[in-house]
Amino acid sequence: MNDDVRNIVLGVAATAISGGFGWFTRTYVWRRALRRKQAFFGLPTGSDCLFVVNRQMGGTEGSVHRNDTFALLEISALIKDCGANLQIVSHDAVRQGFGERAEFCIGGPASNNRTTAHLASMLPGIRVDISTEPGPDRGAIHVGGETYRWQRGQAEYVVLARLTTGPGTRPVFLISGQTAVSNQAGARFLARNHQKLARTYRGSSFCVLLKVTNSDAYGPDVAELLADVTVPARTPATADV
């Protein structure tokens, strides 16, 4: 074997080794990221999860607002990435305990009975004004001594929570917005920021408040983390706000 042939063989071998190592590294990184995503959402491969839909305010029985449907699409992509199976259930037809399966619950207590139950049992420090009479506090979220009022098209607020009852139980993700647009914004924020949330809370329960700014112009795209309200949200309110 002359020098030219030997150099060609060594070059091919080096390329193969380098390519194989690169493939192994990329596969390892991808699998590690997938395992972390599955752990955060409680969605191991082949598992089942619930998507609890609310009813459209002012719509016919069983109707779902278009933006809440978009929220479903945002979450569905995450579930598909984890290799899990999705079951869509109406808020008034859920018959399962807390933590049996991973759950995504969309909508405020005015349109979702399941949200009402989760707030009462897991986040008793949050109170949402569900009155139907016009007024400045209609739809307002009260938590930690603060009141977050809905300003149509200008400022809307969303409670985003990951709730667990202990090791071995599957989490419930609650997205309780003041409007359908804010529900979609909460779902989109979760989809885009789940890695950061997982690093921050490391598998623990949390509750944060998001603010959606100028939805008339920007839709659900401008949602920012306003406050971590985990402690006040889980502390029973002692008096009306």
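> I tried to follow the nonpolar core on my own but got confused; where do I start?
Within soluble globular proteins, side chains that are nonpolar generally end up buried alongside one another. By size, the foremost hydrophobic cluster in this structure holds 32 residues, and its most contacted members are Leu43, Ile75, Phe104 and Leu190. At the level of elements, helix H1 (3-41), strand E1 (48-53), helix H2 (66-82), strand E3 (102-106), strand E7 (155-163), strand E8 (172-177), helix H4 (180-201) and strand E9 (206-213) are the ones that each hand at least two residues to this core. For this core, the element with the most residues is H4, which contributes 7 residues. Contact partners of Leu190, with chain neighbours within four places excluded, come to Phe40, Phe41, Ile75, Phe104, Leu160, Phe173, Ile175 and Leu197. The next biggest cluster of nonpolar side chains, apart from the first, holds 22 residues, and it includes Leu50, Met122, Ile126 and Leu209.

> What's the story with the sheet that holds strand E5 (residues 141-143) in this structure? I'm lost.
In a beta sheet, neighbouring strands are held together by backbone hydrogen bonds and run either parallel or antiparallel to one another. Spatial ordering of the open sheet is given by E4-E5-E6, a layout of 3 strands whose pairing is antiparallel. Each edge of the open sheet carries a strand with a single partner, namely strand E4 (126-128) and strand E6 (146-148). Each strand of the sheet is rotated relative to its neighbour by a mean of 20°, with strand direction disregarded. Both E4 and E5 contribute to a ladder of 3 bridges, which runs antiparallel. In the sheet register, Val128 faces E5, and the bridge partner there is Ile141.

> Whenever I open this one, unusual backbone geometry confuses me. Can you help?
Excluding glycine, residues mostly have negative phi values, and the peptide bonds linking residues are mostly trans. The backbone of Arg202 sits at a positive phi, close to 50°, despite the residue not being glycine. The residue Arg202 is located in the loop between H4 and E9 in this model. The exposed category is assigned to Arg202, whose relative accessible area is 72%.

Parameters and conventions
- Throughout, a residue's number is its position along its own chain's written sequence, starting from 1.
- In view of the model being predicted, local features appear only for residues whose pLDDT reaches at least 70, and side-chain atom pairs are presented and counted only at 80 or more, with totals across whole chains, interfaces and linings using the full set of residues.
- With hydrogens and water excluded, all non-hydrogen atoms of the structure serve as input to the side-chain values.
- Joining through side-chain atoms within 4.5 Å is the link that ties buried Ala, Val, Leu, Ile, Met, Phe, Trp, Tyr and Cys residues into a set, and such a set is a nonpolar core.
- Each residue gets one of three labels from its accessible area relative to the maximum for its type: buried under 20%, exposed over 50%, partly exposed in between, using a 1.4 Å probe on protein chains only.
- The secondary structure listing takes helices from DSSP runs of H or I that are at least 4 residues long and strands from runs of E that are at least 2 residues long, numbered from the N terminus.
- Contacts are residue-level and defined by heavy atoms, with any inter-residue pair within 4.5 Å sufficient.
- A strand pair is defined by DSSP finding two or more bridges across the two strands.
- A fitted line through C-alpha atoms represents every axis, and for helices the fit uses only the stretch in contact; the resulting angles, taken between N-to-C directions, go from 0 to 180 degrees.

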